[in-house]
Amino acid sequence: MDVGRSWHDATQRYALVAFIDANLRGASQVLLQNNPATGLIILVAVCWGAVDAQTPRAAIGAVAGLVVGTTTALLLRIPHAPVREGLFGFNPLLTGVAISIYLRPGALMWIYLVIGAVVTTVVTVATGAVLKTWGVPPLTFPFVLTTWFLLLATYQFARLGNIAIGRPALPHTLDQRAAHVHVTAAFLTPSMLKDVSEVFLLGNWVTGALILVALAVSSRWAAGSAIAGAVVSTLFAVWVGASASAVAVGLYGFSAVLTAVALGGVFYHPSRRLVPYMLFGIVFTVVIQAALGTALAPVGIPTLTAPFVFATWLFLLPKRDLVQTEHHELPEHDMLRTR
Amino acid sequence: MDVGRSWHDATQRYALVAFIDANLRGASQVLLQNNPATGLIILVAVCWGAVDAQTPRAAIGAVAGLVVGTTTALLLRIPHAPVREGLFGFNPLLTGVAISIYLRPGALMWIYLVIGAVVTTVVTVATGAVLKTWGVPPLTFPFVLTTWFLLLATYQFARLGNIAIGRPALPHTLDQRAAHVHVTAAFLTPSMLKDVSEVFLLGNWVTGALILVALAVSSRWAAGSAIAGAVVSTLFAVWVGASASAVAVGLYGFSAVLTAVALGGVFYHPSRRLVPYMLFGIVFTVVIQAALGTALAPVGIPTLTAPFVFATWLFLLPKRDLVQTEHHELPEHDMLRTR
Amino acid sequence: MDVGRSWHDATQRYALVAFIDANLRGASQVLLQNNPATGLIILVAVCWGAVDAQTPRAAIGAVAGLVVGTTTALLLRIPHAPVREGLFGFNPLLTGVAISIYLRPGALMWIYLVIGAVVTTVVTVATGAVLKTWGVPPLTFPFVLTTWFLLLATYQFARLGNIAIGRPALPHTLDQRAAHVHVTAAFLTPSMLKDVSEVFLLGNWVTGALILVALAVSSRWAAGSAIAGAVVSTLFAVWVGASASAVAVGLYGFSAVLTAVALGGVFYHPSRRLVPYMLFGIVFTVVIQAALGTALAPVGIPTLTAPFVFATWLFLLPKRDLVQTEHHELPEHDMLRTR
């Protein structure tokens, strides 16, 4: 593509363009891609969803987190290559969205967000150093860990109230009626699109559709895997009797979408044998989603994308054992770079 | 033994016998042994306890988990040697027992159990890959982690109710009277045998006695260590004032029995210096048992064998430092293979 | 110094003096120093604080933990060098203080304390073996982990009541009024000195001042960093609206003081670039302090120095990435030895 080549040339010539390129790739890395066009469409999708939900600050928070994260990585003088691929932008981006959505708006909230984005970057380097031992990537764990700390802390900070997370409560068994669902296309289609948009903590089907387009621009395998993740997780959640309202807004699918992209389109070579493995990965992501819903209830914080992180780690760690017996070569370097 | 040799020959000739052998060894691996006869007696003991408690489904769940786990390992094409030693059977076996005991019976429960057994096997490979770094074995951690997720999730799945785990509640200090115990042989003997049988979540003294026989068939050191674990943990629990009813059904001893077998009969060479080390390991297992009882109360799940896993890891990790100064050779390979 | 040289000579000649030296260094290692004079002043400071709070048993607990820990390390026959530097004394010392302050006094409490000190030493070896992989030190994690288990367990042990930790409760948002503070020197000065003394679970400004003197004897950088940690953490906590009474007794600063000493004076070479890095580390320690306050509320245990441990690990792990780009040599050996 002409546009693609000119853009690439510009990134080589102008530091500002290179910086913008790193940030756009960072936005695409939330869905495990490394593509500035994908990142641009994702940012547009996030803006749409944020404005539509009357929380435009979520879009500003996303961009603020992204830029602060990338800048922090440059100031820390860590090697340039991964910074340019956006690997230090996507976690702070998500921290930015979460803080701007869950906290009471105000000057202090923005300062807290910037601190959170800087620390998320440090945690990304730290997590990467630990996980290098086993050849698995940090995924969105730096965002999850840092944001859990930031949100838990707000209960003790009177000037930093959280306004949009559930009150701490002991978990209780779900009522049968709350799980009642008429499984129709009219129920499933928007709920699955919201599965995709909830990756950015937004329940908006247009945002979800735009993100799928963004994924397809970068990799059709990834887009297909995302759809498979949304379909399978929604059907499984409905089948075991999960809360119908939670399924409807995409809360049972956003982590599963990411697991599906990670297992199906990024870290493993697609193959027929992979299909059942990936299905178990998606299903277990839904189980972890429900489990963390129970486990975190008494402390009043959301799961964020932790179910994706835990399930994907558990299904990626066996990689060497599985792949070696198939006499595939280990794409070690690629794997570490992609994420 | 003639029977032993014929059996060994048959495993070499017939794939089905080899498969059965791997499963029987898997049953014996729950108590850290690698012996098909031990495994057979253990399965008989579990059947007895399950039928006696009027939950025969626990025995079916055990066998289902065992077979699904071993089969999954074969389908994943991981190296054959550890599969044949039963190292991929014992964790799914325990997952099968737990799911069939704690969940409402029904078709969905059995499907959930099979999913759980498959995932437990994946988690076993994942955990093994992580722990290889420090030369410690996964023990029953894959069972604990997977089953915790599966049980926590049931609170959110209306069609998968849990029926036999405590309701979530804030922990509170134990009443003095609840700890009152007349320490007599009539109290201690059945309670210690139940310590052994509670490894399989069954409080049945016949099952416990049979398991001790099974252990003795494989290793007298292991059987002796198990008895030591039961005696010491029960006495310590009574002494510090643990709930008398919990002690009576073996809840303070099942993890300690496993810790004792691991430290006293499997991973360390028996020696006089080991005795106090092992005693502290047993006592601290009881402390962790009580601690997790408190920590898990608000989320309403049982400790499973986590106290054994955590205590044994903490007391195995110093191995290299301790053993090297004694100028013992490090039986690295053996240790990793045994478990 | 003459005294210093004679002392050093005496440690070479007499086993008892060497043992005392190791214990004094152990006391100094709580603040990441390796200096017997510092350790002596710290023990005096702890005695003062314990007697002044009418809990002299806290001082006895500190010395008992210290001596039991060092002795256990010698009995375990781990290499002598780190034992002599006090690296196996400081964690059991803190376990001793915590058990003697939080538990109901009595014979059983002292036995529990000794068991805890022995296990803390085992956990120190275990933690060191794990963390060696990434070149970060255990810090006070062995104390935190072991004491959390010991305290959680007391809820289930009727004869071992805890008397001074908060009852389990669901967390709730802090009232604005509880955060109201007149920021004056009269408020800040004692609160900052208590930040230092709360490292030993004592809220006593004289103890804090003495510990600062002890630090200055060993390293002015460390003393300066400790003051910076106390000032920055207190101001940040007041600014975001933390509980005024908690700030006043030093609960928001003791972990931050340790983080500041670790980042500013021990594990990194002081440099201008380090200042903002260290500031973020201190601020995030306060965030983790508040976060763990929320997270541990339902299980009724205190944070201990966990915020220091977690924050310092997260800010130390990037070390290799950061330092290599600066073309500094990696003082690997020193780092591991110092702590």
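It should be emphasised that the depicted structure is a prediction, and the values quoted were computed from it without experimental measurement. (Residues numbered from 1 in each chain as written. Chains lettered and ligands numbered in written order. Predicted model: local features only at pLDDT ≥ 70, side-chain atom pairs only at ≥ 80, totals over all residues. Heavy atoms only, no water.)

Colleague: So what exactly am I meant to see when it comes to the interface of chain C and chain A here?
Modeller: Put simply, an interface is often sized by how much accessible area is lost when its parts join up. In this assembly, 41 residues from chain C lie in contact with 38 residues from chain A. Of the roughly 3,400 Å² buried between chain C and chain A on both sides combined, carbon and sulfur atoms contribute 75%. Put simply, chain C and chain A have 0 salt bridges between them. Remark: the boundary between chain C and chain A carries 12 residue pairs in polar contact (both at pLDDT 80 or more). (Contact = heavy atoms within 4.5 Å. Buried area = accessible area lost by both parts, 1.4 Å probe. Salt bridge = Lys/Arg side-chain N within 4 Å of Asp/Glu carboxyl O. Polar contact = N/O pair within 3.5 Å; in protein donor to acceptor, adjacent residues only side chain to side chain.)

Colleague: Whenever I open this one, the environment of P171(C) confuses me. Can you help?
Modeller: Residue and element names in this part refer to chain C. In this structure, P171 sits in the loop between α8 (141–154) and α9 (185–197). The buried category is assigned to P171, whose relative accessible area is 8%. Placed 127 residues apart in sequence, P171 and P298 show a C-alpha to C-alpha distance of 7.1 Å. (Helix = DSSP H or I, 4+ residues; strand = E, 2+ residues; numbered from the N terminus. Buried < 20%, exposed > 50% of the residue type's maximum accessible area, 1.4 Å probe, protein only.)

Colleague: Please explain the relation of the copies chain C and chain A as it appears in this structure.
Modeller: The two chain copies are connected by a rotation around an axis plus a translation along it. Here chain C sits on chain A after a turn of 120° about the axis and a move of 0.0 Å along it, with an RMSD of 0.0 Å. The operation mapping one copy onto its partner corresponds to a three-fold rotation axis. For chain C, the smallest separation between a C-alpha atom and the rotation axis is recorded for P298(C), amounting to 4.0 Å. With a heterologous cut-off of 20% or less, the 10% of interface residues of chain C that recur at the interface of chain A puts this contact in the heterologous class. (Least-squares fit on C-alpha atoms with pLDDT ≥ 70 in both.)

Colleague: Even after reading the chapter, I still don't get the interface of chain A and chain B, so can you show me in this structure?
Modeller: The interface is formed by 41 residues belonging to chain A together with 38 residues belonging to chain B. Carbon and sulfur atoms supply 75% of the area buried between chain A and chain B, which totals about 3,400 Å² over both sides. Viewed at the interface, chain B and chain A are joined by 0 salt bridges. Our count for the chain A to chain B interface comes out at 11 residue pairs in polar contact (both at pLDDT 80 or more). Of all the secondary structure elements, the ones that give two or more residues to the side of chain A that touches chain B are α11 (220–240), α14 (274–296), α15 (306–316) and α16 (319–325) of chain A. The element that contributes the greatest number of residues to the side of chain A that touches chain B is α14(A), accounting for 13 residues.

Colleague: Explanation requested: the packing of α11(A) against helix α13 (residues 254–266) of chain A in the structure shown.
Modeller: Between two packed helices, the angle of one axis relative to the other and the distance separating the axes together describe the packing. Residues and elements named next belong to chain A. With their axes 7 Å apart at the nearest point, α11 and α13 run at an angle of 135° to one another. Put simply, α11 runs oblique to α13. Where α11 crosses over α13, the handedness of that crossing is right-handed. Residue-level contacts link W221, A222, S225, A226, G229, A230 and S233 of α11 to A256, V257, A260, V261, G264 and G265 of α13. Split by residue class, the contact of α11 with α13 holds 8 nonpolar, 5 polar and no charged. (Axes fitted to C-alpha atoms, helices over the stretch in contact; angles between N-to-C directions. Parallel < 35°, antiparallel > 145°, perpendicular 65-115°, else oblique. Left-handed = near helix turned anticlockwise from the far one by under 90°. Nonpolar A, V, L, I, M, F, W, Y, C, P; charged D, E, K, R; others polar.)

Colleague: How do you make sense of the environment of P307(C) when you look at a structure like this?
Modeller: All names here are of chain C. Along the chain, P307 falls in helix α15 (residues 306–316). Given the relative accessible area of 0%, P307 is considered buried. Separated by 131 residues in sequence, P307 and Q176 have C-alpha atoms that sit 24 Å apart. Apart from residues no more than four positions distant in its own chain, P307 is found in contact with S255, T285, I288, Q289 and L292.

Colleague: Help me understand α13(A) in this model?
Modeller: Since there are 3.6 residues in each turn of an α-helix, residues three or four apart along the chain are aligned in direction. Residue and element names in this part refer to chain A. Under the 1.5 Å per step criterion, the end-to-end length of α13 is 17 Å for 13 residues, consistent within 8% with the ideal 18 Å. By the criterion of burial, α13 is predominantly enclosed, with 11 of the 13 residues buried. Burial in α13 covers these residues: F254, S255, A256, V257, L258, T259, A260, V261, A262, L263 and G264. Where α13 is buried, its residues meet α9 (185–197), α10 (205–218), α11, α14 and α15. (Expected span 1.5 Å × (residues − 1).)

Colleague: How should I be thinking about the side chain of D195(A) in this particular structure?
Modeller: Residue and element names in this part refer to chain A. The residue D195 is located in helix α9 in this model. Despite its burial, D195 pairs with no opposite charge, the nearest such side chain being K194 at 9.6 Å. Within the structure, the side chain of D195 is placed 3.4 Å from the backbone nitrogen of G253, a separation counted as a polar contact. Not counting residues up to four positions away in its chain, the partners in contact with D195 are A230, S233, T234, G250, Y252, G253, F254 and V257. (Lys, Arg positive; Asp, Glu negative; His and termini not counted.)

Colleague: Sorry, what's going on with a nonpolar patch on the surface here?
Modeller: A surface patch of nonpolar side chains, amounting to about 280 Å² of accessible area, comprises W7(B), L16(B) and I20(B). By the element assignment, I20(B) lies in helix α2 (residues 15–29). (Patch = residues over 30% accessible without salt bridge, like charges linked within 9 Å, V, L, I, M, F, W, Y side chains within 5 Å. Areas by Shrake-Rupley, 256 points an atom, 1.4 Å probe, with all protein chains shown as cover.)

Colleague: Could you clarify how one ought to interpret helix α2 (residues 15–29) of chain A in this entry?
Modeller: Residues and elements named next belong to chain A. For α2, spanning 15 residues, the distance from its first C-alpha to its last is 21 Å, which sits close to the expected 21 Å at 1.5 Å a residue. The element α2 is extensively covered by neighbouring structure, given that 11 of its 15 residues are classed as buried. Those residues of α2 lying buried are V17, A18, D21, A22, N23, L24, R25, G26, A27, S28 and Q29.

Colleague: Please clarify how the packing of aromatic side chains should be interpreted in this entry.
Modeller: The relation between two aromatic rings is expressed through the spacing of the ring centres and the mutual angle of the planes. Across all of its chains, the model carries 24 aromatic pairs over all chains by this definition. Considering the side-chain rings of W134(A) and W134(B), the 5.8 Å spacing of their centres and the 75° angle between planes classify their relative orientation as edge-to-face. On the criterion of chain membership, the pair formed by W134(A) in the loop between α7 (107–131) and α8 (141–154) and W134(B) in the loop between α7 (107–131) and α8 (141–154) is interchain, its members lying in two chains. Given the relative accessible area of 14%, W134(A) is considered buried. Aromatic rings pair up to connect F157(A), F236(C), W239(C) and Y252(C) into one cluster. (Phe/Tyr/Trp six-rings, centres within 6.5 Å; stacked < 30°, edge-to-face > 60°.)

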